[in-house]
Amino acid sequence: MRAKIIESLRARNIELVAVSKYVDASKIKELKSLGVRNFGENKVQALATKCQELEKEAINWHFIGNLQSNKINALLRLRPYLWQSCVSFEQAMMVDKRLDFELDTLLEVNFAKEASKQGCEPKIAREEYLKIKAKCKNIRLVGVMSIGARQENELKASFKSCYDLYESLKPEGAKICSMGMSSDYELAIACGSNMVRLGSVLFE
Ligand SMILES: *Cc1c(COP(=O)(O)O)cnc(C)c1O
């Protein structure tokens, strides 16, 4: 099942980020042996532990969770490959102040418009993106990330809006449109995603 998923994404040139938050280092190694290079975690502490346990493995670590200000230094020490969950210009400034290397970053936008989800408000997302780009010298914005709406009838619209934002930011250097999780990644790809974040479907 999962070998099939990996192969089918590869054939379509869709980047796969395996979300390893539910599993331990041994399961990560197992998946890595199938050729997966990108892994994502949503807690800084868990990321730190796994980075250390797997330091000999060539893994690109993605941070995809809520970043509390008291965890910024801990995250930066790990030198993540991609910070997918920057939610605002204000937060980008706080991180930028502490950066002594360039950090590839995505702006997370809450197209689901659900209070329970984090992310920048869609209305101001473009403006925030451009401000970060102009003012944060060590944050290298490379695209956008979004979590699809939970409501079936809103899901497609949320992915389409995210793709439209991504398109509009291509002239500003956006290359990554990260959307789609286990339950909705095929729809996300149909709407233009080029990076999916899959957890349960790979590890169950
Ligand atoms: C957990 C998580 C995922 C993966 O979720 P699944 O439904 O298990 O595929 C993707 N993105 C984010 C931001 C997550 O927190």
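Residues numbered from 1 in each chain as written. Predicted model: local features only at pLDDT ≥ 70, side-chain atom pairs only at ≥ 80, totals over all residues. Heavy atoms only, no water.

J.: Lay out the layout of surface pockets with the relevant residues and their values.
T.: Put simply, the largest pocket is a space of about 550 Å³. Lining the largest pocket are 26 residues, and of these K21, N42, I64, G65 and I147 lie nearest its centre. Counting only elements with at least two residues in the lining of the largest pocket, the list comes to α3 (44–53) and β8 (195–198). Its residues assigned to classes, the lining of the largest pocket comprises nine nonpolar, 11 polar and six charged. Along its surface, the second largest pocket is lined by 14 residues, and R10, I14, E15, L16 and N38 are the ones closest to its centre. Secondary structure elements with two or more residues in the lining of the second largest pocket: α1 (2–11) and β1 (15–19). Of all the elements, α1 adds the most residues to the lining of the second largest pocket, at three residues. Residues that form the lining of the second largest pocket fall into these classes: seven nonpolar, four polar and three charged. (1 Å grid on protein atoms, 1.4 Å probe; cavity = no way out; pocket = protein on both sides within 12 Å on 5 of 7 lines; lining within 4 Å. Points joined across faces, edges and corners; volume = space filled by probe spheres on them. Helix = DSSP H or I, 4+ residues; strand = E, 2+ residues; numbered from the N terminus. Nonpolar A, V, L, I, M, F, W, Y, C, P; charged D, E, K, R; others polar.)

J.: Kindly report on the site of the ligand, identifying the contributing residues and their values.
T.: Taken together, V19, K21, Y22, I64, I147, M181, S182, R197, L198, G199 and S200 make up all the residues around the ligand. One of the side-chain nitrogen or oxygen atoms of K21 is found 2.7 Å away from an oxygen atom of the ligand. Calculation on the ligand without its partners gives an accessible area of 390 Å², and the protein chains cover 89% of this total. For the ligand, the cavity whose grid points lie within 2 Å of the majority of its atoms is the largest pocket. (Near = heavy atom within 4 Å. Polar contact = N/O pair within 3.5 Å; in protein donor to acceptor, adjacent residues only side chain to side chain. Areas by Shrake-Rupley, 256 points an atom, 1.4 Å probe, with all protein chains shown as cover. Sits in = over half its atoms within 2 Å of the grid points.)

J.: Account for the pattern of salt bridges, with residues named and values stated.
T.: Under the counting rule described, the total for this entry stands at 12 salt bridges. With a closest N to O distance of 3.4 Å, K133 and E172 form a salt bridge. Placement of K133 in helix α6 (residues 122–135) and of E172 in the loop between α7 (152–169) and β7 (176–179) is noted, with a sequence separation of 39 residues between them. On the accessibility criterion, K133 (39% relative accessible area) is partly exposed. We note a salt bridge from K170 to E167, for which the minimum N-O separation is 3.0 Å. Note on K170: relative accessible area 38%, which makes it partly exposed. Residue E167 is classed as partly exposed on the basis of its relative accessible area of 36%. Linked through salt bridges whose partners overlap, the residues forming this network are E102, D104 and R140. (Salt bridge = Lys/Arg side-chain N within 4 Å of Asp/Glu carboxyl O. Buried < 20%, exposed > 50% of the residue type's maximum accessible area, 1.4 Å probe, protein only.)

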